[in-house]
Amino acid sequence: MVTHPFVKINFGLDVLRKRPDGFHDLETLFVPYHEINDTLEIVKADDYAYTISSLQSRYDAAKGQIVQAVSDDAKVMVTIARQEGVDWSPLDDLTVRAYRLLDADFNLSPVKIFLEKTSPVGAGLGGGSADASFALKMLSDIFCLNLDQAALSRYASGLGSDCAFFLYDRPMFGSGRGEILSEFDLPSDFYGRYEVKVAVPEGISVSTADAYRGIVPSVPAAPLRDRLSLPVEKWKGCVANAFEETVFKKYPVLAEVKRSLYDSGAAYAAMSGSGSAFFAIYPR
């Protein structure tokens, strides 16, 4: 089974308060962005797959562009390919963690996982979270687990705060840690009136821990839902990403990227998630 996990962008992101469990309550609108995606294949270990031969011909193992590992219990063989190199242990990848989560409850048979990583890492686009959620859905289908969306959401939330969003292919309003999702409808003509583009600065990766470090939570006077209901042209200065203040202090060049997007004619521009990627909304 092959899928193409998409990434997300955040229309607004408020960090409201720190919780007793060490996490933060936040509000954000998750929006799917399909122009950037990975390729994920999962097969039962006794099945033959062609993906590996294709990856080997396009990536250089000597440069660390393709890595492979087999778990000690031989239940998972995972191959990850990435042009910029794979600098994390394949067995620690979220797709493997997704398998382990379901295996603990359902004693799954062994699998082969092939991941071609083309979404940027550390850019606030949630590519790893998307891979994890797609893996959960794929494993449920492959092993006929018949997990409904509520069950999948519970497993996804155990892997990451934004993972559950990727079980949906539409805008969803996130609260709590980001795992509590509710419906949010953009205007029906939104994509007819606007074009959304993503910019990913090269050479800058922002960890979520760095983004949270030094942030001062606050509750805005107007709820994010109300502010998002305003015309896009009024979002500037009204709809914000709370991480920008701390991230821009460490990476001043990112503030320049945002300014350049407005200079290019964007009606609204902001960092996505914890950065370093930006999105810009342009009138058509």
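To be clear, the structure that these remarks concern was listed above.
Since the model is a prediction, treat every value here as computed from it, not as a measurement.

1. Some thoughts on the overall build of the protein
Now for step 1: Helices and strands together make up the secondary structure of the protein, namely nine helices and 12 strands.
Now for step 2: When the backbone C-alpha atoms are referred to their principal axes, the protein occupies close to 55 × 40 × 40 Å.
Now for step 3: Buried positions account for 55% of the 284 residues belonging to the protein.
Now for step 4: Roughly 13200 Å² of accessible area belongs to the protein as shown, and the carbon and sulfur atoms make up 51% of that amount.

2. Here we look at the nonpolar core
Now for step 1: Counting residues in each nonpolar core, the largest one holds 47 residues, and the members touching the most others are Phe11, Leu228, Tyr268 and Ile281.
Now for step 2: Those residues in contact with isoleucine 281 that sit more than four places away from it in its chain are Phe11, Phe190, Tyr194, Glu195, Val196, Val232, Trp235, Ala266, Ala267 and Tyr268.
Now for step 3: Formed by 43 residues, the second largest nonpolar core is a distinct cluster that contains Val86, Leu108, Val111 and Leu167.

3. Concerning the pattern of salt bridges
Now for step 1: Summed over all chains, the structure comprises 16 salt bridges.
Now for step 2: Among the ionic pairs, aspartate 21 bridges to arginine 19, the shortest N-O distance being 2.7 Å.
Now for step 3: Measuring nitrogen to oxygen at the nearest pair gives 2.8 Å for the salt bridge that ties aspartate 73 to arginine 100. Residue aspartate 73 is located in the loop between strand 5 (66-70) and strand 6 (76-81), and its partner arginine 100 is located in helix 2 (residues 94-106); the two are separated by 27 residues in the primary sequence.
Now for step 4: Three or more residues are tied together by salt bridges with common partners; here these are Arg17, Arg19, Asp21 and Asp25.

4. A word on the environment of alanine 164
Now for step 1: Locating alanine 164 in the fold gives a position in the loop between helix 4 (149-157) and strand 8 (172-175).
Now for step 2: Since its relative accessible area comes to 0%, alanine 164 is described here as buried.
Now for step 3: Spatially, the C-alpha atoms of alanine 164 and alanine 150 are 9.4 Å apart, while their sequence positions differ by 14 residues.
Now for step 4: Apart from the residues within four sequence positions on either side, alanine 164 is in contact with Ser133, Ser153, Ala156, Ser157, Glu179 and Leu181.

5. Considering helix 9 (residues 252-263)
Because each turn of an α-helix spans 3.6 residues, side chains separated by three or four positions in sequence point in the same direction.
Now for step 1: Between its first and last C-alpha, helix 9 extends 17 Å over 12 residues, near the 16 Å set by a 1.5 Å rise per residue.
Now for step 2: Taken residue by residue, helix 9 has Leu254, Ala255, Val257, Lys258, Leu261 and Tyr262 as its buried positions. Down the axis of helix 9, the buried set is contained in an arc of 155 degrees. They therefore lie on one face. Of the exposed residues in helix 9, those oriented more than 90 degrees away from the buried face are Pro252 and Asp263.
Now for step 3: The elements touched by buried residues of helix 9 are helix 8 (244-250), strand 11 (268-271) and strand 12 (278-283).
Now for step 4: Positive backbone phi, approximately 105 degrees, marks glycine 265, located one or two places after helix 9.

6. Some words on unusual backbone geometry
Now for step 1: That bond from glycine 275 to serine 276 is cis: its omega, 15 degrees, falls within 30 degrees of zero.
Now for step 2: By the secondary structure assignment, serine 276 is in the loop between strand 11 and strand 12.
Now for step 3: Positive phi outside glycine occurs at cysteine 144, with the angle close to 55 degrees.
Now for step 4: Structurally, cysteine 144 is set in the loop between helix 3 (127-142) and helix 4.

7. A short note on the sheet that holds strand 11
Now for step 1: Ordered by their spatial adjacency, three strands build an open sheet running 10-12-11, and the pairing between neighbours is antiparallel. The sheet is open, and its two borders are formed by strand 10 (194-199) and strand 11, each paired with just one other strand. In this sheet, adjacent strand axes meet at a mean angle of 15 degrees when their direction is disregarded.
Now for step 2: In this structure, strand 11 lies alongside strand 12, joined through four bridges in antiparallel fashion. Note on strand 12: the bridge partner recorded for tyrosine 268 is isoleucine 281.
Now for step 3: Running over the sheet, helix 9 touches strand 11 and strand 12 and is turned about 10 degrees from strand 12.

What counts and how
- The residue numbers shown here count from 1 along each chain, following its written sequence.
- Given that the model is predicted, a residue must reach a pLDDT of at least 70 before its local features are reported, and side-chain atom pairs must reach 80 or more before they are shown or counted; all residues, however, enter totals for whole chains, interfaces and linings.
- With hydrogens and water set aside, each side-chain value is computed from the structure's full complement of heavy atoms.
- Secondary structure follows DSSP: runs of H or I at least 4 residues long count as helices, runs of E at least 2 residues long count as strands, and numbering of each begins at the N terminus.
- Here the term buried applies to any residue with accessible area under 20% of the maximum for its type, exposed to any over 50%, and partly exposed to those in between, with areas from a 1.4 Å probe on protein chains only.
- Only the protein chains shown count as covering a residue, and every accessible area follows the Shrake-Rupley method with a 1.4 Å probe.
- Remark: nonpolar core denotes a set of buried residues (Ala, Val, Leu, Ile, Met, Phe, Trp, Tyr, Cys) joined through side-chain atoms within 4.5 Å.
- In this description, contact between two residues means that some pair of their heavy atoms is separated by no more than 4.5 Å.
- We define a salt bridge as a side-chain nitrogen of Lys or Arg found within 4 Å of a carboxyl oxygen belonging to Asp or Glu.
- A helix is expected to span 1.5 Å multiplied by its residue count minus one.
- Arc definition: it is the arc formed by the directions from the helix axis to the C-beta atoms.
- If DSSP finds at least two bridges between two strands, the strands pair.
- Axes here refer to lines fitted to C-alpha atoms; in helices the fit is confined to the stretch in contact. Angles between the N-to-C directions go from 0 to 180 degrees.

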